[in-house]
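One-letter residues, chain by chain:
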Amino acid sequence: METIKNRIDFVYIFDVQDGNPNGDPDAGNLPRVDAETGLGLVTDVCLKRKVRNYVDLAKAGIPGYDIFIQEAAVLDNRVEEIYATDAVKKVKEKDKRKMTAKTALCEKYYDIRSFGAVIATKDKQGQVRGPIQLTFARSVDPVFSHTHTITRMAVTKAGKDKERDFGRKSTVPYGLYVAHGFISANLAKQTGFSDEDLTLFWSALENMFDNDRSAARGLMSARGLIVFEHSSELGNAPANKLFDRVKVVRKEDVVTPRGIDDYSITVDEEDMPSGVSCNRVF
């Protein structure tokens, strides 16, 4: 499979209704917010986790699509398994052996091929820089975290059957979030990230929420993916100027947004920079 040849920048839009899109463990797992503006935040790590989960489901058992960062995975063991393969053991020089192991890790694990990884075992340190980078997603308007008291009819311990267990659950009534992403063709050459990998990544962004439901997250939905593709490896225009062409604004007559129809999403495709094409994937 050939690696991608052109730089890509993209805007990813999603929303949440009556859910917690990304809890903050430093704040009692409340939805993350920018303390100065009140805008909601979803970390890049959270979004990458959902991509990993989707790929793990969509490509289960298919060679080349394993996931390196998984729950309860012992990463040292996975690295040692690669170093124990015949292809790596036969390489005598330390630096060349490390490069051979890096190639094998990229070939085996989709998330290393896409996002990179830090390899930090006892005697094998190194970094793989991945071609895909994401920013934090930030809500268009401030979000307000509501904390709800919830009850459970069953009890945990015997002898307390006349009592009820109480808990708390925090949600955002509604929030529309925008994240920005960058895909480097130069780094794709180093990890082997291919056109097929890119198609899978787009599919993950579109479908990952439908395969990652939980009571805590409420209704999360992918709402838009605008892709700017350059005709060259290094790019033909600054990413920020391309992102400025995407406008996500609350409609004038809406005071309290509670759905996607309360917003307008537009893309200015007039006078695009030479060598840049714009495509709204969904």
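Everything that follows concerns the structure shown earlier in this document.
**Student:** Which residues make up the overall build of the protein chain, and what are the values?
**Tutor:** Helix and strand counts for the protein chain stand at eight helices and 14 strands. Expressed as a percentage of its 282 residues, the buried residues of the protein chain come to 44%. Once local pairs closer than 6 in sequence are excluded, the contacts in the protein chain between residues at least 24 apart make up 72%. For the protein chain, the accessible surface area stands at approximately 15,400 Å², while carbon and sulfur atoms represent 49% of it. Measuring between centres, the 41 positive side-chain charges of the protein chain sit 6 Å from its 42 negative side-chain charges.

**Student:** Now, about empty space enclosed by the protein: what can you tell me, with residues and values included?
**Tutor:** Within the structure shown, the criterion is met by one cavity of 30 Å³ or more. In terms of lining, the largest cavity is formed by Lys50, Phe209, Asp212, Arg213, Arg217, Gly218 and Met220. A breakdown of the residues in the lining of the largest cavity according to their chemical character gives two nonpolar, one polar and four charged.

**Student:** How would you sum up the packing of aromatic side chains? Please name residues and give values.
**Tutor:** Tallying each qualifying case throughout the model produces 11 aromatic pairs. Ring centres of phenylalanine 115 and phenylalanine 201 lie 6.4 Å apart, and the angle between their planes is 75°; on these two criteria the pair is classed as edge-to-face. With phenylalanine 115 in helix α5 (residues 110–115) and phenylalanine 201 in helix α7 (residues 195–207), this pair connects stretches of sequence that are 86 residues apart. Exposure remark for phenylalanine 201: the relative accessible area of 0% places this residue in the buried category. A centroid spacing of 5.5 Å and a plane angle of 45° characterise the contact between phenylalanine 201 and tryptophan 202, whose relative ring orientation is tilted. Just above the ring of tyrosine 65 sits the side chain of lysine 59; from NZ or CZ to the centre is 5.1 Å. Geometry around tyrosine 109 places lysine 108 over its ring, the cationic atom sitting 5.5 Å from the centre.

**Student:** Give a description of helix α1 (residues 44–58) that names residues and reports values.
**Tutor:** The end-to-end C-alpha distance of α1 is 21 Å, a good match for the 21 Å that 15 residues give at a rise of 1.5 Å each. Buried within α1 are the following residues: Asp44, Cys46, Leu47, Lys48, Lys50, Val51, Arg52, Tyr54 and Val55.

**Student:** An account of the side chain of lysine 50 is needed here, citing residue identities and associated values.
**Tutor:** Considering the arrangement of structural elements, one finds lysine 50 in helix α1. In this structure lysine 50 comes out as buried when scored by relative accessible area, which is 4%. For lysine 50, the contacting residues outside a window of four places in its chain are Met208, Phe209, Asp212 and Arg217.

**Student:** Just give me the short version of the pattern of salt bridges, but keep the residues and values in it.
**Tutor:** Tallied over the entire structure, the rule returns 15 salt bridges. One salt bridge in this structure joins aspartate 111 and arginine 52, with 2.8 Å as the shortest N-O distance. Taken together, the positions of aspartate 111 in helix α5 and arginine 52 in helix α1 put the pair 59 residues apart, joining distant regions of the chain. Each of the two residues, aspartate 111 as well as arginine 52, counts as buried. Among the salt bridges present, the one from aspartate 268 reaches arginine 245, with a minimum N-O distance of 3.9 Å. One end of the pair, aspartate 268, is in the loop between β13 (263–267) and β14 (276–280); the other, arginine 245, is in the loop between α8 (239–243) and β12 (246–250), with 23 residues separating them in the sequence. The exposure class of aspartate 268 is partly exposed, given its relative accessible area of 38%. The class for arginine 245 is buried, based on a relative accessible area of 15%.

Thresholds, definitions, all that
- Along each chain, residues carry numbers from 1 onward, in the same order as the chain's sequence is written.
- Two thresholds apply to this predicted model, a pLDDT of at least 70 for residue-level local features and 80 or more for giving and counting side-chain atom pairs, whereas whole-chain, interface and lining totals are computed over all residues.
- Heavy atoms throughout the structure, all of them, feed into the side-chain values; hydrogens and water do not.
- A helix here means a DSSP run of H or I that spans at least four residues, while a strand means a run of E at least two residues long, and both kinds are numbered starting from the N terminus.
- Relative accessible area decides the class of each residue, using a 1.4 Å probe on protein chains only: under 20% of the type maximum gives buried, over 50% gives exposed, and in between gives partly exposed.
- Residues count as neighbours in contact if any of their non-hydrogen atoms are within 4.5 Å of one another.
- Calculation of accessible area relied on Shrake-Rupley with a 1.4 Å probe; when residues are assessed, cover is drawn exclusively from the protein chains displayed.
- When charges are counted, Lys and Arg contribute as positive and Asp and Glu as negative, whereas His and the chain ends are disregarded.
- Positions of charges follow a simple convention, taking NZ of Lys, CZ of Arg, CG of Asp or CD of Glu.
- Points on a 1 Å grid over protein atoms alone make up a cavity when a 1.4 Å probe fits among them but cannot get out, and a pocket when they form an open set with protein on both sides within 12 Å along at least five of seven lines; lining residues each have an atom within 4 Å of a point.
- Grid points are joined across faces, edges and corners, and a volume is the space filled by probe spheres set on the points.
- In the scheme used here, Gly and all other residues not listed as nonpolar or charged are polar, with Ala, Val, Leu, Ile, Met, Phe, Trp, Tyr, Cys and Pro taken as nonpolar and Asp, Glu, Lys and Arg as charged.
- Note on aromatic pairs: the rings of Phe, Tyr and Trp (six-membered ring only in Trp) are paired at centre separations within 6.5 Å, and the planes decide the class, stacked below 30 degrees, edge-to-face beyond 60, tilted for the rest.
- Charge over a ring is defined by NZ of Lys or CZ of Arg lying within 6 Å of the ring centre and within 35 degrees of the ring normal.
- A helix is expected to span 1.5 Å multiplied by its residue count minus one.
- Only one rule defines a salt bridge in this text: a Lys or Arg side-chain nitrogen within 4 Å of an Asp or Glu carboxyl oxygen.

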